Amino acid sequence: MLFERLSFCLRCILTTAGAVALLFTLSYPDSLLPPTPDIDYVQGFTVYNLKPIIWLVPLLFMELVSSAGAKRNRVWFISMGAVLTGALLACPVLIAHAPEWVTPSLPFEDGKLRMGLFYFAIIMAVSFLLRCGLFVYLFREPNRDESDEIAMDADALDLSKAHTVREIAANPVRVKPRFLFGDPDQSLIDRFLRLMRNLSLLRRRKYLLFALIVLLAALWFFLYPRPTSAEALQRDLRVMYEHTQLRDGSFRASPRATHAALRVLRYVSDKELFAGKTPAQAEAWLQLQRAPEAYRTQLRDDSELSLASTDAVFESRTRFFTVSDGKRTVVLFIRTNKDGDRINVSETVDAGWNAVADERRRRFGSDIGARFFSR
């Protein structure tokens with residue numbers, strides 16, 4: 001008995017780990033196999049051919065672990081339900097503090113947690129239909145009541161003694177009841193009724209507790225405080241200065257800071273907030289004073305920078321503000337007036353989120369520039 005319980009708990013833990021891996025694979029496939037343009041030049045089979053179905057690996061692991069003992073359906077749905085519930089409860093917190101985990105920051109990113117939860121819920125619903133519906137119907141063993149005195153095999157029937165329906169109706173079998181006990185014990189009946197009422201009350205309390213938990217989870221999901229657009233902007237202005245200092249003395253932004261900077265700088269360029277402002281006024285709006293002086297110098301470096309998503313041959317613009325975590329980079333470029341003291345246009349450029357998209361954008365930009373200057 002103890003071994004069975006330990007086996008059940010271990011299988012639940014391993015299946016839950018597989019469900020977490022499944023949700024991560026569905027939500028962030030580009031984190032496992034980052035897109036690369038070099039794969040187009042590789043002949044034959046590669047691991048990238050499995051990328052559309054890589055989520056089957058944790059799914060098969062879950063199936064093997066949950067089936068390695070009794071109560072496999074209970075293990076499966078406990079694990080799937082725990083991961084789904086935990087992810088749903090984490091969603092409002094992530095939306096408020098790190099929305100890049102829930103929704104893509106750029107259109108060419110993977111679907112993130114929102115899309116992963118959608119596919120995860122579909123898999124869970126399909127598994128419920130298969131496990132509790134179709135498989136039960138297809139592989140159900142016929143019930144055989146060994147204590148039924150009337151039940152017998154068809155080959156044991158004697159057809160010579162068979163009766164027609166009219167004969168059976170004319171001479172119905174009347175069973176004479178035999179009472180093996182005396183008068184009923186009313187106190188025993190009362191105790192039995194009280195026991196049944198208590199069991200019914202306990203069941204209702206259990207259902208009520210479950211409904212209360214579901215209600216609290218729904219209230220948490222829908223009523224968790226989410227920032228307004230203005231509050232989200234102030235949050236990103238604060239977060240985009242998170243950084244660490246490397247051994248060589250340079251600075252590197254955190255991945256969360258890079259995503260926050262992308263949202264802030266895209267907001268600036270989309271709204272043309274710096275049009276007509278001086279560089280000092282733009283720095284004040286960006287709250288550049290939040291950064292230490294040494295990191296501030298790196299952020300405001302205006303030297304030439306090669307980006308994978310652009311070809312700077314045909315560009316004439318000034319790098320104004322740069323945030324990079326070593327992999328992803330977001331830059332705010334500006335164009336000023338003739339005197340150089342006022343900003344006319346600002347433009348946000350990102351690189352490092354998707355190597356395939358970067359290569360396509362760089363080649364497209366080069367083609368446009370070459371056509372323009374060849375006239």
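To be clear, the structure that these remarks concern was listed above.
These numbers come from a predicted model, not from an experiment.

Looking at this structure, I do not really get the overall build of the protein. What am I missing?
Along the protein, the regular secondary structure elements total twelve helices and five strands. Summing over all exposed atoms, the protein offers an accessible surface of approximately 26,000 Å²; the carbon and sulfur share of this is 61%.

Please explain the packing of aromatic side chains as it appears in this structure.
For any pair of aromatic rings, the description rests on two quantities: the centre-to-centre distance and the angle between the ring planes. Summed over the entire model, instances satisfying the criterion amount to nine aromatic pairs. Ring geometry for Phe 274 against Trp 285: centres 5.8 Å apart, planes inclined by 80 degrees, an arrangement best described as edge-to-face. In this pair, Phe 274 is assigned in the loop between helix 9 (255-271) and helix 10 (279-285) and Trp 285 in helix 10, connecting sequence segments eleven residues apart. Counting every residue linked through ring pairs, the aromatic cluster contains Phe 24, Tyr 28 and Trp 101. Here Arg 226 stacks its cationic end above the ring of Phe 221, 5.6 Å away from the centre of that ring. Directly above the ring of Phe 320 sits Arg 300, whose terminal nitrogen or CZ lies 4.1 Å from the centroid.

Just checking my understanding: could you explain a nonpolar patch on the surface for this structure?
A contiguous nonpolar patch, built from Met 115, Phe 118, Tyr 119, Ile 122, Val 126, Leu 130, Leu 134, Phe 135, Tyr 137, Leu 138 and Phe 139 and spanning about 1,100 Å² of accessible area, is present on the exposed surface. Along the chain, Met 115 turns up in helix 5 (residues 112-138).

I'm lost on the nonpolar core in this one. Help?
One broad rule of soluble globular proteins: the nonpolar side chains tend to lie buried together. Residues Met 240, Tyr 241, Leu 286, Leu 299, Phe 321 and Val 323 are the most contacted members of the largest nonpolar core, which totals 30 residues. For this core, the secondary structure elements donating two or more residues are helix 8 (229-239), strand 2 (251-253), helix 9, helix 11 (293-299), strand 3 (318-324) and strand 4 (329-336). At seven residues, the largest contribution of residues to this core is made by helix 9. Core analysis: the next-biggest nonpolar cluster, separate from the first, contains 19 residues, Ala 19, Trp 76, Ile 123 and Met 124 among them.

Quick question: what am I supposed to make of unusual backbone geometry here?
Glycine aside, negative phi is the norm for most residues, and most peptide bonds take the trans geometry. The phi angle at Lys 112 is positive, at roughly 65 degrees, despite the residue not being glycine. By secondary structure assignment, the location of Lys 112 is in helix 5. Look at Lys 112 and you get buried, because its relative accessible area is 9%. Despite not being glycine, Gln 287 has its phi angle at roughly 55 degrees, a positive value. Looking at the secondary structure, you find Gln 287 in the loop between helix 10 and helix 11. Gln 287 gets classed as buried once you look at its relative accessible area, which sits at 13%.

Can you help me understand the pairing of strand 5 (residues 343-351) in this one?
Working note: regular strand, side chains alternate between the two faces of the sheet. Of the strand pairs in this sheet, strand 4 and strand 5 are connected by eight bridges, and their pairing is antiparallel. Following the sheet pairing, Arg 335 is matched in strand 5 by Val 345. Hairpin geometry of strand 4 and strand 5 is characterised by an intervening segment of six residues between the two adjacent antiparallel strands and by a positive phi of about 80 degrees at Gly 340.

Please explain the sheet that holds strand 5 as it appears in this structure.
Paired through their backbone hydrogen bonds, the strands of a sheet run either parallel or antiparallel. Spatially, the three strands line up as an open sheet ordered 3-4-5, and their pairing is antiparallel. In the strand order of this sheet, the two ends are held by strand 3 and strand 5, each with one partner. The average angle at which neighbouring strand axes cross in this sheet is 15 degrees, direction not considered. Across six bridges, strand 3 lies against strand 4 in antiparallel orientation. Paired with Ser 324 across the bridge in strand 4 is Thr 329.

The rules we used
- Residues numbered from 1 in each chain as written.
- Predicted model: local features only at pLDDT ≥ 70, side-chain atom pairs only at ≥ 80, totals over all residues.
- Heavy atoms only, no water.
- Helix = DSSP H or I, 4+ residues; strand = E, 2+ residues; numbered from the N terminus.
- Areas by Shrake-Rupley, 256 points an atom, 1.4 Å probe, with all protein chains shown as cover.
- Phe/Tyr/Trp six-rings, centres within 6.5 Å; stacked < 30°, edge-to-face > 60°.
- Lys NZ or Arg CZ within 6 Å of the ring centre and 35° of its normal.
- Patch = residues over 30% accessible without salt bridge, like charges linked within 9 Å, V, L, I, M, F, W, Y side chains within 5 Å.
- Salt bridge = Lys/Arg side-chain N within 4 Å of Asp/Glu carboxyl O.
- Core = buried A, V, L, I, M, F, W, Y, C linked by side-chain atoms within 4.5 Å.
- Buried < 20%, exposed > 50% of the residue type's maximum accessible area, 1.4 Å probe, protein only.
- Pairing = 2+ DSSP bridges.
- Axes fitted to C-alpha atoms, helices over the stretch in contact; angles between N-to-C directions.

This is a description of form; function is not addressed.
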